[in-house]
Amino acid sequence: MGKDSSNIHSQFYGYLWAYILVALSGCLGNVVDGIIVGNLISEDGVSAINLSKPINQFIFTLHLLINAGAGMLVAYALGQQKIDDARRFFTRALTLSMGLGLLLTLFGGLLFPHQTARLLCSNEQILPLAEDYMQVLLIGNPAFILMWGLSTMVGVDGSPKLVSLAVIIDNAVNLLLDIVFIQWFGWGITGSSAATVVGHLVGIAILLSHWRKPENRRLRLVFDTDGLLPSWGRIVSQGAPLAVASICLTLLLFSANSIVLSTTGRTGIFVFALCMNLLQVYNLFLSGTCQTLQSLGAIQVGKKDNEGVRTVIRKGFRFITVAMVVTCLLVWIFPQGIARLFGCNEPEMLSESQHALRVFALSFIPFCYIYVLMIVYKLYSHHRMALFISFALSLTVIPVLWIMSRTMPQYIWYSYLIAYLIEAIAIRALHKGQGIRFELKK
């Protein structure tokens, strides 16, 4: 092994485990949250949380639309030493995102909570739990937006370790308060949602400590109206590509929940919630791999090192393959054990979980490969193919799921696997048809 290869090897795993550590916090927050609710409340509580995920994703879309785009503009301005411009973008992003968050609080959380919950949940038995969970989620959504927005800005301003610390403590507080609010205070599923909001508030407090040091005060709030609308336009246009992909995912979450609930009822939506929690485990490894590819791969691209890029990609695919094989085997061996971990005791749910979890464990294998491939296309500047994959990963599933629910509802759990296989064939055809080659441009 040459010196360069040895360096890439050590750098790869250095990046990988750091990114996995951050992703682990988010993964544990979601999965353990479901486990606590399933055991302390009921299986329907797990279903209610899953039915609320389109709201979470929509709030995240607002963040991407405003704060992600503004973060890039702030970074450009700081790099050019245009501190006043950076402060304006910082201020306008936070005020715009918080303003939209407060509107969501007013209409979704205070004026129309029942209508919002009924839009996402058609099952009368699960509806009360869903409404209680969603209402607190919507009322507290400004904390979500501010937490994510400040994370972006603090990271851009040179304190990524503080962001990691804030995210980890945020999730730890959330999980601790889950037990306190549900078990000790007797708040039920409302306590789970409240714990998430409080966790974000603690995370915000940690991020605000960034400004305690004088050298970290380049970004601060500056209120003026000079070029207000044009700057908001630049912020939104910069974040639009990411937001569009997130909207597609929001549509998928909403459509999949609606189709599964109407087709399979209370049992099916709980099983589907288990499968989405399984996806969180796959995403733990997928997120670490993709962020490593983007960071370390981009460095090799900058050096114009073709072999270095290929080495990083090979290591990425090798790691994700091992991670998927191990995860898939565990799911195939212990499907009912996973269901019981989430508080499932009903025989019908246990039986359906055994079949569905095994199918989804296989379904997520092509999903992970396709997602990593999207990053590879980005590294080689094949942006159209990357954008196609970004849309297709969400939107291909919806028609397949709908067709399966109408024609062969007994095979509905195979919808994701079929959709991803169709997408893989489409990617292969487009790749060959356009004569795409994975080589760095001179």
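**What about the overall build of the chain?**
When you go through the chain residue by residue, the secondary structure sums to 16 helices and zero strands. Relative to its length of 442 residues, the chain is compact, with a C-alpha radius of gyration of 22 Å against a globular reference of 22 Å. Each principal axis of the C-alpha distribution contributes one length, and for the chain these read about 60 × 50 × 35 Å. For the chain, the residues scored as buried account for 52% of the 442 residues in total. Once local pairs closer than 6 in sequence are excluded, the contacts in the chain between residues at least 24 apart make up 82%. For the chain, the accessible surface area stands at approximately 19,800 Å², while carbon and sulfur atoms represent 66% of it. Averaging the coordinates of the 31 positive side-chain charges in the chain and doing the same for the 22 negative ones gives two points 13 Å apart.

**Examining the side chain of Ser246**
Assignment of secondary structure puts Ser246 in helix H10 (residues 228-302). Beyond its immediate stretch of four places on either side in the chain, Ser246 contacts Gln57, Phe60, Thr61 and Leu64.

**Section: the layout of surface pockets**
Counted as a void, the second largest pocket has a volume near 260 Å³. As for the second largest pocket, its lining consists of Pro54, Ile55, Phe58, Leu104, Gly108, Thr116, Leu119, Leu120, Leu138, Thr250, Leu251 and Phe254. Where the lining of the second largest pocket is concerned, the elements lending two or more residues are helix H3 (53-79), helix H4 (83-111), helix H5 (113-120) and H10. Across the lining of the second largest pocket, the residue classes break down as nine nonpolar, three polar and no charged.

**As for the packing of aromatic side chains**
Inspection of the entire model under this criterion finds 23 aromatic pairs. With 5.4 Å between their ring centres and 45 degrees between their planes, Phe367 and Tyr420 make a pair best called tilted. With Phe367 in helix H13 (residues 347-379) and Tyr420 in helix H16 (residues 415-433), this pair connects stretches of sequence that are 53 residues apart. One exposure class covers both Phe367 and Tyr420, and it is buried.

**Quick notes on the packing of helix H14 (residues 383-395) against H16**
At a minimum axis distance of 11 Å, the contact between H14 and H16 shows a crossing angle of 165 degrees. It follows that H14 is roughly antiparallel to H16 by the angle criterion. Regarding H14 and H16, the two cross each other, and that crossing is right-handed. For the pair formed by H14 and H16, the contact residues are Met385, Phe388, Ile389, Ala392 and Leu393 on the first element and Tyr420, Glu423, Ala426, Ile427, Leu430 and His431 on the second.

**Overview of helix H15 (residues 397-407)**
Every buried residue belonging to H15 is among Val397, Ile398, Val400, Leu401, Met404 and Ser405, and all of these are buried. Projection of H15 onto a plane perpendicular to its axis shows the buried side chains occupying an angular sector of 165 degrees, all on one side. Turned more than 90 degrees away from the buried face of H15 sit Arg406 and Thr407, all of them exposed.

**Looking at the packing of H14 against H15**
Packing of H14 against H15 brings their axes to within 5 Å, and their N-to-C directions diverge by 20 degrees. By the angle between their directions, the pair H14 and H15 is classed as roughly parallel. Across the interface between the two elements, Leu393, Ser394 and Leu395 of H14 pack against Val397, Ile398 and Pro399 of H15. The residue inventory of the contact of H14 with H15, partitioned by class, reads five nonpolar, one polar and no charged.

**A short note on the pattern of salt bridges**
A full pass over the atoms with the stated rule returns seven salt bridges. Notably, a salt bridge pairs Arg266 with Asp44, separated by 2.8 Å at the nearest N-O pair. Of this pair, Arg266 sits in helix H10 while Asp44 sits in helix H2 (residues 43-51), and the two are 222 residues apart along the sequence. Of the charged contacts, one joins Glu307 and Arg314 as a salt bridge, the two residues approaching to 3.1 Å between their closest N and O atoms. The network of salt bridges with common partners includes Asp44, Arg266 and Glu346.

**Considerations on the nonpolar core**
Ranked by internal contacts, the top residues of the largest apolar core, which has 126 residues, are Phe272, Tyr282, Phe360, Trp413 and Tyr416. The biggest single contributor to this core is H10, with 22 residues. Counting six residues, the second-largest nonpolar core is a separate cluster that includes Leu177, Phe181, Ala194 and Ala195.

**What about the state of the cysteines?**
Applying the stated criterion to the full structure yields zero disulfides. No disulfide involves Cys248; its sulfur sits 18 Å from that of Cys290, the nearest cysteine. With relative accessibility at 6%, the residue Cys248 sits in the buried group. Take Cys290: it sits in no disulfide, and the sulfur closest to it among the cysteines is that of Cys368, at 8.3 Å. Taking relative accessible area as the criterion, Cys290 reaches 4% and is therefore assigned buried.

**A look at a nonpolar patch on the surface**
Together, Leu100, Leu103, Leu106, Phe107, Leu110, Leu111, Phe112 and Ile139 line one region of the surface with nonpolar side chains, adding up to about 690 Å² of accessible area. Broken down by element, the nonpolar patch gets its largest block of residues, six residues, from H4. Its place among the elements puts Leu110 in helix H4.

**Focus: the confidence of the model for the chain**
Summary statistics for the chain give a mean pLDDT of 88 and a share of 96% for residues scoring 70 or more. Predicted confidence in the chain is weakest over helix H1 (residues 3-40), with a mean pLDDT of 76, and strongest over H15, with 96.

About the cut-offs
Residues numbered from 1 in each chain as written. Predicted model: local features only at pLDDT ≥ 70, side-chain atom pairs only at ≥ 80, totals over all residues. Heavy atoms only, no water. Helix = DSSP H or I, 4+ residues; strand = E, 2+ residues; numbered from the N terminus. Rg over C-alpha atoms; globule rule 2.2 N^0.38 Å. Buried < 20%, exposed > 50% of the residue type's maximum accessible area, 1.4 Å probe, protein only. Contact = heavy atoms within 4.5 Å. Areas by Shrake-Rupley, 256 points an atom, 1.4 Å probe, with all protein chains shown as cover. Lys, Arg positive; Asp, Glu negative; His and termini not counted. Charge placed at Lys NZ, Arg CZ, Asp CG, Glu CD. 1 Å grid on protein atoms, 1.4 Å probe; cavity = no way out; pocket = protein on both sides within 12 Å on 5 of 7 lines; lining within 4 Å. Points joined across faces, edges and corners; volume = space filled by probe spheres on them. Nonpolar A, V, L, I, M, F, W, Y, C, P; charged D, E, K, R; others polar. Phe/Tyr/Trp six-rings, centres within 6.5 Å; stacked < 30°, edge-to-face > 60°. Axes fitted to C-alpha atoms, helices over the stretch in contact; angles between N-to-C directions. Parallel < 35°, antiparallel > 145°, perpendicular 65-115°, else oblique. Left-handed = near helix turned anticlockwise from the far one by under 90°. Arc of directions from axis to C-beta. Salt bridge = Lys/Arg side-chain N within 4 Å of Asp/Glu carboxyl O. Core = buried A, V, L, I, M, F, W, Y, C linked by side-chain atoms within 4.5 Å. Disulfide = S-S within 2.5 Å. Patch = residues over 30% accessible without salt bridge, like charges linked within 9 Å, V, L, I, M, F, W, Y side chains within 5 Å. pLDDT = per-residue confidence, 0-100.

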